[in-house]
Amino acid sequence: MMFSPYGITGKTKRITKADTYKTAELISAVFYKITGRETGGIMEKTLKFKDGKFRILQLSDMQDTYNTSPDTVRFTEEAIKITKPDFIVLTGDQIKGYGLSFLKGDNKTNAAKAINALMAPIGESGIPFTAVFGNHDAFGEAQKDFQWKCYKCFDNFIGNDYETAVFPVYSENEENVPFCVYTFDYDAGENKANGISKYGKITEKQINKYRNYRDILSEKYGHTVKALAFQHVPPAEMYDCLKEVKKGTKNSVQGAGIHKNQYYTLPDYAVKKGSFMGENPASPDEKSGQLEAFEEKNDVMGLYFGHDHNNSFIVKWNNIDLGYTQGCGFNVYGPGHLRGGRVFDIYESEPDKYKTFTVTYKDILGARTKRPVKTFMYTHSPSSVSAVEAQCKKIAKAAAVCAVPVAAAYILKKLK
Ligand SMILES: [Fe+2]
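The model shown is predicted, which means the values in this text are computed figures rather than measured ones. (Residues numbered from 1 in each chain as written. Predicted model: local features only at pLDDT ≥ 70, side-chain atom pairs only at ≥ 80, totals over all residues.)

Student: Quick question: what am I supposed to make of the pairing of strand 6 (residues 129-132) here?
Tutor: Burial of the side chains of strand 6 extends over both faces: Phe 129 and Ala 131 are buried on one face and Thr 130 and Val 132 on the other. Two strands pair when backbone bridges link them, and strand 5 (residues 87-91) and strand 6 are joined in this way by four bridges, in the parallel orientation. Opposite Thr 91, over in strand 6, you have Val 132 as the bridge partner. The handedness of the strand 5 to strand 6 crossover, carried by helix 3 (residues 107-125), is right-handed. (Buried ≥ 20, exposed ≤ 12 C-beta atoms within 10 Å, placed from the backbone. Helix = DSSP H or I, 4+ residues; strand = E, 2+ residues; numbered from the N terminus. Pairing = 2+ DSSP bridges. Right-handed = clockwise from strand over helix to strand, strands pointing away.)

Student: Hey, could you run me through the sheet that holds strand 11 (residues 253-254) in this one?
Tutor: The strands making up a sheet associate through hydrogen bonds between their backbones, and the pairing can be parallel or antiparallel. As summarised here, the arrangement of the three strands in space is 10-12-11, forming an open sheet in which the pairing is antiparallel. Taken across any chain shown, the strands that pair with only one partner, and hence form the sheet edges, are strand 10 (243-245) and strand 11. Where strand 11 and strand 12 (residues 263-265) come together, two bridges link them in antiparallel fashion. What sits directly across from Val 253, in strand 12, is Tyr 264.

Student: Honestly, the confidence of the model for the chain in this entry has me stumped. Any pointers?
Tutor: Keep in mind that low pLDDT regions are not for reading the predicted coordinates in detail. Scored by pLDDT, the chain comes out at a mean of 84, with 79% of its residues at no less than 70. Across residues 1-41, where pLDDT falls below 50, the model places 62 contacts with residues more than four positions away in sequence or in other chains. (pLDDT = per-residue confidence, 0-100. Contact = placed C-beta atoms within 7 Å.)

Student: In this structure, what is going on with the environment of Phe 344? I would like to understand it.
Tutor: Along the polypeptide, Phe 344 turns up in strand 18 (residues 340-347). Placed 10 residues apart in sequence, Phe 344 and Tyr 354 show a C-alpha to C-alpha distance of 6.8 Å. Once you skip the residues sitting within four places of it in the chain, Phe 344 turns out to touch Arg 55, Ile 56, Leu 228, Tyr 354 and Thr 356.

Student: Help me understand the packing of helix 2 (residues 70-83) against helix 3 in this model?
Tutor: In helix packing, the relevant descriptors are the interaxial angle and the interaxial distance, both defined with respect to the helix axes. Following both chains from N to C, one finds helix 2 and helix 3 inclined at 20 degrees, their axes separated by 8 Å at the closest point. In this view, helix 2 runs roughly parallel relative to helix 3, as classed from their interaxial angle. Of the two elements, helix 2 crosses helix 3, and the hand of that crossing is right-handed. Facing Val 73, Thr 76, Glu 77 and Ile 80 of helix 2, the residues of helix 3 in contact are Ala 120, Pro 121, Ile 122 and Ser 125. For the contact of helix 2 with helix 3, the per-class residue count stands at five nonpolar, two polar and one charged. (Axes fitted to C-alpha atoms, helices over the stretch in contact; angles between N-to-C directions. Parallel < 35°, antiparallel > 145°, perpendicular 65-115°, else oblique. Left-handed = near helix turned anticlockwise from the far one by under 90°. Nonpolar A, V, L, I, M, F, W, Y, C, P; charged D, E, K, R; others polar.)

Have a look at this one:
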């Protein structure tokens, strides 16, 4: 049975603001006592290879309120059933902190209700899961510490530190750790004032925490532990990996931040079945040094993220894969029925190789959603303020083009 600040997961029960805090904190405290999961940095043996294989399901950008889209919940439920992962990683923007329903009532209660509703299918699956925050999770009073407590109320939630965490995946005999997962939280506060971009880079402190975990693991197990890393926002290096093209090139997107005057397409090698780049990467402008840190021991094979819901592709930065996973939320902009998640398969005998593919709503549930009008609206809504500006410019241009013959006809009529 799993608990949430709202009682049994999946049930809705009217409770007071005080109940929310008390229940969340009490259950968290009991949970620690029973499971002893706070182990000072390195997780206990929760994750293990089974029959030589370990499967991760990444879901990103559910971005919803407590008025949760039934399509998001249904997709989550079915994606878990079909892919049967051993571990689920949520890469941020689970909560739409700016949502209108957050304006009504208590912000913390609303956030707890949203987490409860969105996590219900994951909680019910019993599969270990973890989460990082995105740029839209922590709005108002319901800051990260509070939301983290809400996640921890699910007894299959694992994670000791949302800033930077490590999840060792043990061999079947538990004697070795052939592979691990690192998660990095999104941080805006520390960086926001420094750069041109409004998106914060990964901090030095987070990178040093990763180095520390990496070194502890390699010392304990006598080898470099291969890894995949997850976070919300793509790194600044994303733009180094795209192909710069002329404005107007087919399938190109206009850059963002310091790249706003350039246009890009995917490099040829990244154009594959199921890959798409529907919007500009909204990355920080400044490089963090995270990728160089990954190169020090050549342990992290790929860094995966979400944030830009209409992107799903993998490019290479030196030997490291940089991969987008499209959004899976239906109450926010996204790539229509191609909303989806990403699966990773890692093999105990060859942890230095992994396979990845995406699963979409269309693959699993077909072309019909429960709320087709909303799906249509959110599929065609702009992804950002710059996209709104671009759409307004297009409309203005179209209006100007239409106005010319009308004006000409009017003038000719007057001249007659
Ligand atoms: Fe998002």
